[in-house]
Amino acid sequence: MDSAEAQKQIARLRQQIARHDELYYRRAQPEITDFDYDALKQELAALEQRFPELASAESVTQRVGDDRTEGFQVYRHRERMMSLDNTYSEEELREFHARLVRDLERDELSFVVEPKIDGLAVSVTYEKGKLVRAVTRGNGVEGDDITANALTIKTLPRTLAEADGVPIPDVIEIRGEVFLTTAEFQRINKQREEAGEPLYANPRNLAAGTIKQLDSREVAQRKLEIVLYGRGYVEPVSALPETQTQFHGWVKAWGLPTVEKFWTVTGADAVWDAIQKLDTLRDSFAYATDGAVVKLDSVSLQRRAGSTSKSPRWAMAYKFAPDRAETRLNAITIQVGRTGVLTPVAELEPVLLAGTTVARATLHNRDEIARKDIRVGDYVLVEKAGEIIPAVVSVNTERRTPECVPYVFPERCPQCATPVVQLEGEVAVRCPNFECPVQVRRRVQHFASKACVDIEGLGEAMVDVLVEKGWVRSVPDIYRLRREDLLSLGKNVGKSSDNLLAAIEASKRAELWRFIHGLGVPHVGAAAAKDLARKFRSLEALATAKYEDFIQGKESVISGIGETMALAILTYFNEPRNRATVNELIAAGIEPVVPAAGSALAGKTFVLTGTLPTLTRDDASARIEAAGGKVSGSVSKKTHYVVAGAEAGSKLEKAKTLGVPVIDEAQLLEMLRG
Ligand code: IVH
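Just so it is clear, the model here is predicted, and its values are computed rather than measured.

**Student:** I'd like to hear about the overall build of the protein, residue by residue, with values.
**Tutor:** Looking only at helices and strands, the protein features 24 helices and 24 strands. Rg of the C-alpha trace for the protein: 28 Å, near the compact-globule value of 26 Å for 674 residues, within the 12% margin. Along the three orthogonal principal directions, the C-alpha set of the protein runs to about 85 × 70 × 55 Å. For the protein, the residues scored as buried account for 48% of the 674 residues in total. Taking as baseline every contact in the protein between residues at least 6 positions apart, the subset at least 24 positions apart corresponds to 68%. Carbon and sulfur atoms make up 49% of the accessible area of the protein, which amounts to about 32500 Å² in all. Of note, the protein has its 89 positive side-chain charges centred 5 Å away from the centre of its 96 negative side-chain charges.

**Student:** Which residues make up the environment of Arg443, and what are the values?
**Tutor:** Its place among the elements puts Arg443 in helix α12 (residues 437-448). Sequence separation between Arg443 and Glu162 is 281 residues, and the spatial gap between their C-alpha atoms is 53 Å. Residue contacts for Arg443: discarding those within four places in its chain leaves Arg338, Phe434 and Val475.

**Student:** A description of the pairing of strand β12 (residues 323-336) should follow, citing residues and the corresponding values.
**Tutor:** Examined bridge by bridge, β12 and strand β15 (residues 379-384) share 6 bridges and lie antiparallel to one another. Counterpart to Glu326 in the pairing with β15 is Leu381. Sheet analysis places β12 next to strand β13 (residues 342-353), joined by 7 bridges and oriented antiparallel. Each bridged residue has a counterpart across the sheet, and for Ile334 the counterpart in β13 is Pro344. Counting the residues in the hairpin turn of β12 and β13 gives 5 residues, including Gly340, whose phi is positive at 90°.

**Student:** Can you lay out the packing of aromatic side chains for me, pointing to particular residues and giving the numbers?
**Tutor:** Enumeration according to the criterion identifies 14 aromatic pairs in this entry. Seen in terms of ring centroids, Trp250 and Trp254 are 6.0 Å apart; in terms of plane orientation they differ by 55°. Their pairing is tilted. Look at Phe447 and Phe515: their rings are 6.0 Å apart centre to centre, the planes differ by 55°, and that puts the pair in the tilted class. Here Phe515 lies in helix α16 (residues 512-519) and Phe447 lies in helix α12, a separation of 68 residues in the sequence. Of the two residues examined, Phe447 and Phe515, each falls in the buried class. Clustering of aromatic rings is evident, with ring pairs tying together Phe179, Phe285 and Tyr287. The cationic tip of Arg399 hangs over the ring face of Tyr379; the distance from NZ or CZ to the ring centre is 3.6 Å.

**Student:** Outline the site of the ligand, listing residues and values.
**Tutor:** Met82, Leu84, Glu114, Pro115, Lys116, Ile117, Ala121, Glu177, Tyr229, Val293, Lys295 and Pro312 make up every residue found near the ligand. For the ligand, a nitrogen atom lies 3.4 Å from a polar atom in the side chain of Tyr229. Here a nitrogen atom of the ligand sits 3.0 Å away from a polar atom, N or O, in the side chain of Lys295. Relative to its unbound accessible area of 530 Å², the ligand is 86% covered by the protein chains. At the level of secondary structure, the elements contributing two or more residues to the shell around the ligand comprise β3 (110-117) and β10 (289-296). Looking at the shell around the ligand, the element that brings in the most residues is β3, giving 4 residues. Along the lines of polarity and charge, the residues of the shell around the ligand split into 8 nonpolar, no polar and 4 charged.

**Student:** Explain unusual backbone geometry to me, using residue names and the numbers behind them.
**Tutor:** Here the amide bond leading from Glu235 into Pro236 is cis, since omega sits at 0°, within 30 degrees of zero. Note that Pro236 resides in the loop between β8 (225-235) and α8 (244-253). Even without being glycine, Lys128 reaches a positive phi, approximately 45°. Examined against the element boundaries, Lys128 turns out to sit in the loop between β4 (120-127) and β5 (130-136). Phi is positive for His523, close to 75°, though the residue is something other than glycine. On the secondary structure map, His523 appears in the loop between α16 and α17 (526-536).

**Student:** Break down the nonpolar core for me, citing the residues and quoting the values.
**Tutor:** Counting residues in hydrophobic clusters, the biggest one holds 48 residues, and the most contacted among them are Leu532 and Phe550. Those elements giving two or more residues to this core turn out to be α12, α13 (460-468), α15 (494-507), α16, α17, α18 (539-543), α20 (563-574) and α21 (576-587). Among all residues touching Phe550, those that are not within four sequence positions of it are Leu532, Phe536, Leu542, Ala545, Glu555, Ser556, Val557, Ile558, Ile561, Ala566, Ile569 and Leu570. Within the second largest apolar cluster, 36 residues are counted, among which are Ala150, Val166, Ala208 and Trp250.

**Student:** Residues and numbers for the state of the cysteines, please.
**Tutor:** Scanning the model with the defined rule gives 0 disulfides in all. With no disulfide of its own, Cys413 lies closest to Cys431 among cysteine sulfurs, the gap being 3.7 Å. Exposure remark for Cys413: the relative accessible area of 3% places this residue in the buried category. Free of any disulfide, Cys431 has its nearest neighbouring cysteine sulfur in Cys416, separated by 3.6 Å. Cys431 gets classed as buried once you look at its relative accessible area, which sits at 3%.

About the criteria used
Residues numbered from 1 in each chain as written. Predicted model: local features only at pLDDT ≥ 70, side-chain atom pairs only at ≥ 80, totals over all residues. Heavy atoms only, no water. Helix = DSSP H or I, 4+ residues; strand = E, 2+ residues; numbered from the N terminus. Rg over C-alpha atoms; globule rule 2.2 N^0.38 Å. Buried < 20%, exposed > 50% of the residue type's maximum accessible area, 1.4 Å probe, protein only. Contact = heavy atoms within 4.5 Å. Areas by Shrake-Rupley, 256 points an atom, 1.4 Å probe, with all protein chains shown as cover. Lys, Arg positive; Asp, Glu negative; His and termini not counted. Charge placed at Lys NZ, Arg CZ, Asp CG, Glu CD. Pairing = 2+ DSSP bridges. Phe/Tyr/Trp six-rings, centres within 6.5 Å; stacked < 30°, edge-to-face > 60°. Lys NZ or Arg CZ within 6 Å of the ring centre and 35° of its normal. Near = heavy atom within 4 Å. Polar contact = N/O pair within 3.5 Å; in protein donor to acceptor, adjacent residues only side chain to side chain. Nonpolar A, V, L, I, M, F, W, Y, C, P; charged D, E, K, R; others polar. Core = buried A, V, L, I, M, F, W, Y, C linked by side-chain atoms within 4.5 Å. Disulfide = S-S within 2.5 Å.

Here is the structure:
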């Protein structure tokens, strides 16, 4: 490569890296894996080394990034939050060790090896043991003040616990990582899948997106967690720990969540051994662990080693390469979502990856297939890191045979044969047919789901049957179902048909927000639906709302509802079919429950039965009444909810027969929160 070519390539790489930084840090929507990103950085670093005259003073050789976003107050860290040098190579890790041994003039050095948590870096400040602030890393110097959101994290103590021999500094910035457990990540993605919304690629993006929500009630709906592992500014200096090992002990003694495991070891071989152990254990951790962080144990030696402008010389991240495997792409199938989006799916020759057998991977959209030139019959590289949705990374063109012809994306919906459309500015290809049977099924399934009006007995399979029979062609059709039709489904279906009809009847009195959520307006999730219900108080009022009801002079009128959502709502109700849905629901006799302002449970009658997990019966009654609800001793058709605990008896049975909604304690507490 000559200098002119190198110059072009360097410019290209810088541009790509800047773009991926923006996607990763500000939008929390990376398009490539960390591994591929690091490869770009390495290529750039290698070129800059070969052609030093082309290296800029502002050379990007490590991800420094900037996560600051609009809407938050910025706060200046008292001590800078650095990033870490990272490597995928054992050799480079050993060089790191050798360099420290040389620079510090020691025969041996001790290190702490701890998990590198794939979350979002935050700094939590405690003053005299009280939590005063939580801030994101930002650009390292200043970050976004996310205190309100961090306070939704139940495991983050407001006060540091006191313990013998453990100081409580006057001021301490404790560094850590906010994350979502794999289970919580999967729960949220499942909900999004059901709602036809795009899935999050991994827990890190979801955690980053969540902590940056402007509405902390929205944040509280997702169970964020935190783990703390490092220190920033500490006052007085006498409250500094002597070693990182000791600091982990303090974090624990203060009652803060700490890393699941760490190793204090001496010498490069022992460091490497610990990393191998971590690799075998990490799947069992609650958080995604994408590597190991190796830190010099002694704090005084850390100081002597010092840092570069961006990262300490005393620590290094060793990253585990994601699991990848080559396998054959047997077919490309197309899934149609609730809003008509066609999503291509790779049907793969099953292959073992990151401990699970992978037979399918998402191909995202039409453009993605074209960009990677993915063809049926190709051998493709599939990647899966932990719980991340498997993805096709690239094609091995060397194994391509002449039979592999470019993939032609369907021009018609595979379900109803309507010609597909691609709206301007969207990557998604859609089936525009509102009556497309898959869309109908998904819409009805969503409406009836637990997250919406919650009709027991109307699960996915039952909806499939009703749509197939032609009895349900739209959401309001649910309320027009006929008993004799249901009875024709089989022999002994009398009781289950009656139960279903009772559940459908009971759903007419679901809370308003459940209906709003159930309509499936793009971008409107449960939390937004609650905000809208509080503001508009009826479906009609929402359906006839004007732009000014949402946005005035660029400002949101309803907290939590920004312009994107406002436009989505207006567009939705502008569509005559959607207005018709609302009118038909009203005509079917729905009576959405709207809480009186300030009292979450006004006008609702509850019956308690069985033993609740945490509340006594008196507590529960008091709380319901304080929120404007009524508690009654017996179940009737007028009962709005039966709250059932362990060993619930005949009242539960009666509720089921009458079609009265049954909730548990957690749902009651949720309602009390409004
Ligand atoms: S120590 C000066 N320890 O990785 C040392 N960082 O790639 C700075 N990270 O910005 C960090 N787990 O957000 C440290 N056990 C751990 C970590 C960890 C995850 C993150 C952290 C940092 C990034 C650097």
